[in-house]
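# Working through the structure, step by step
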Amino acid sequence: QVQIVESGGGLVQPGESLKLSCEISGSLRFIHAMNWYRQAPGQPRRLVANMFDDGKKNYADSVKDRFTISRDNAKNTTYLQMNDLKPEDTGIYFCNMYGATVYVSQPRDFWGQGTQVTVSS
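So, a few notes on the structure that sits alongside this text. Bear in mind that the values here come from a model prediction, so they are computed numbers and not experimental data.

Looking now at unusual backbone geometry. Its identity as a non-glycine residue notwithstanding, Asp-65 has a phi of 70 degrees, on the positive side. Mapped onto the elements of the fold, Asp-65 is located in the loop between strand 6 (57-59) and strand 7 (67-72). Under the relative-accessibility criterion, Asp-65 is labelled exposed at 83%. A positive phi angle, near 50 degrees, is found at Asn-76, a position not held by glycine.

If you want it as C-alpha cells, here you go:
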C-alpha cells in the first residue's frame with residue numbers, strides 16, 4: 001500500500017515562513033498529481049497548490065506569489081514552501097496523491113493525516 005506522511009507544521013507569527021514536507025512510501029506505480037489542501041476550522045478542505053507529472057503547477061489565488069510547491073523525485077517527497085504567512089493561512093494541511101500502485105492500477109486519491117499550521121501573533 002501507500003503511506004503519506006506530512007511534517008513541518010507549527011505555530012508561527014504573521015510574516016514568517018514554514019516549509020511542509022510530504023513523504024510518500026509504498027508500492028507506487030505512478031503519480032499523476034501531488035496536491036496540498038488546507039482545512040480551516042469549520043471549513044471544507046480546499047486545494048492550495050498542486051503539481052502534475054508534467055511539471056505544471058497551480059495555486060489558489062490566496063497563496064499565489066507566497067507559496068511554492070516542489071518535488072524531489074529521488075526522495076519521493078513533495079514540499080510546500082510558505083512565505084509571508086497570514087492568519088488566514090491557519091488550518092490543517094493535507095497532502096494528497098493522485099496515482100496508482102502496483103496492486104491497484106486504477107488511479108485514485110491517497111491522503112496523509114495532515115499537519116497543523118497556525119499563524120498568530
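Turning to the nonpolar core, a few remarks are in order. Formed by 25 residues in total, the largest nonpolar core has its most connected members in Ile-4, Ile-24, Trp-36, Phe-67, Leu-80, Met-82 and Tyr-93. Among the secondary structure elements, those contributing two or more residues to this core are strand 1 (2-7), strand 3 (18-26), strand 4 (28-39), strand 5 (46-52), strand 7, strand 8 (77-82), strand 9 (91-101) and strand 11 (115-119). Considering every element that reaches this core, the biggest residue donor is strand 3, with 4 residues. Setting aside its immediate chain neighbours within four residues, Met-82 contacts Glu-16, Ser-17, Leu-18, Leu-20, Arg-66, Phe-67, Tyr-93 and Val-117.

Here we take up the state of the cysteines. Put plainly, two cysteines are in a disulfide when a covalent bond ties their sulfur atoms together. Throughout the structure, instances matching the rule amount to 1 disulfide. Note on cysteine connectivity: Cys-22 is disulfide-linked to Cys-95, with sulfurs 1.9 Å apart. Judged by the sign of its S-S torsion, about -75 degrees, the cystine formed by Cys-22 and Cys-95 is left-handed. Residue Cys-22 is found in strand 3, and its partner Cys-95 is found in strand 9; the two are separated by 73 residues along the sequence. Judged by its relative accessible area of 0%, Cys-22 is buried.

Quick look at the packing of aromatic side chains now. Scanning all chains against the criterion turns up 2 aromatic pairs. An angle of 55 degrees between the planes, with centres 5.0 Å apart, marks the rings of Tyr-37 and Trp-111 as tilted. Separated by 74 residues along the polypeptide, Tyr-37 in strand 4 and Trp-111 in strand 10 (residues 108-111) bring together distant segments of the chain. Judged by its relative accessible area of 35%, Trp-111 falls in the partly exposed class. Measuring from ring centre to ring centre gives 6.5 Å for Phe-94 and Trp-111, while their planes differ by 80 degrees; the resulting arrangement is edge-to-face. Placement of Phe-94 in strand 9 and of Trp-111 in strand 10 is noted, with a sequence separation of 17 residues between them.

The subject of this paragraph is the sheet that holds strand 3. Strands pair in a sheet through their backbones, by hydrogen bonds, and they do so in one of two ways: parallel or antiparallel. With antiparallel pairing, 4 strands are arranged side by side in an open sheet as 1-3-8-7. Two strands bound the open sheet, and with one partner strand each, they are strand 1 and strand 7. Within the sheet, the average angular offset between the axes of one strand and its neighbour, ignoring direction, is 15 degrees. Note: strand 1 against strand 3, 6 bridges, orientation antiparallel. Its bridge partner being in strand 3, Gln-3 is matched across the sheet by Ser-25.

How each quantity is defined
- Residues numbered from 1 in each chain as written.
- Predicted model: local features only at pLDDT ≥ 70, side-chain atom pairs only at ≥ 80, totals over all residues.
- Heavy atoms only, no water.
- Helix = DSSP H or I, 4+ residues; strand = E, 2+ residues; numbered from the N terminus.
- Buried < 20%, exposed > 50% of the residue type's maximum accessible area, 1.4 Å probe, protein only.
- Core = buried A, V, L, I, M, F, W, Y, C linked by side-chain atoms within 4.5 Å.
- Contact = heavy atoms within 4.5 Å.
- Disulfide = S-S within 2.5 Å.
- Phe/Tyr/Trp six-rings, centres within 6.5 Å; stacked < 30°, edge-to-face > 60°.
- Pairing = 2+ DSSP bridges.
- Axes fitted to C-alpha atoms, helices over the stretch in contact; angles between N-to-C directions.

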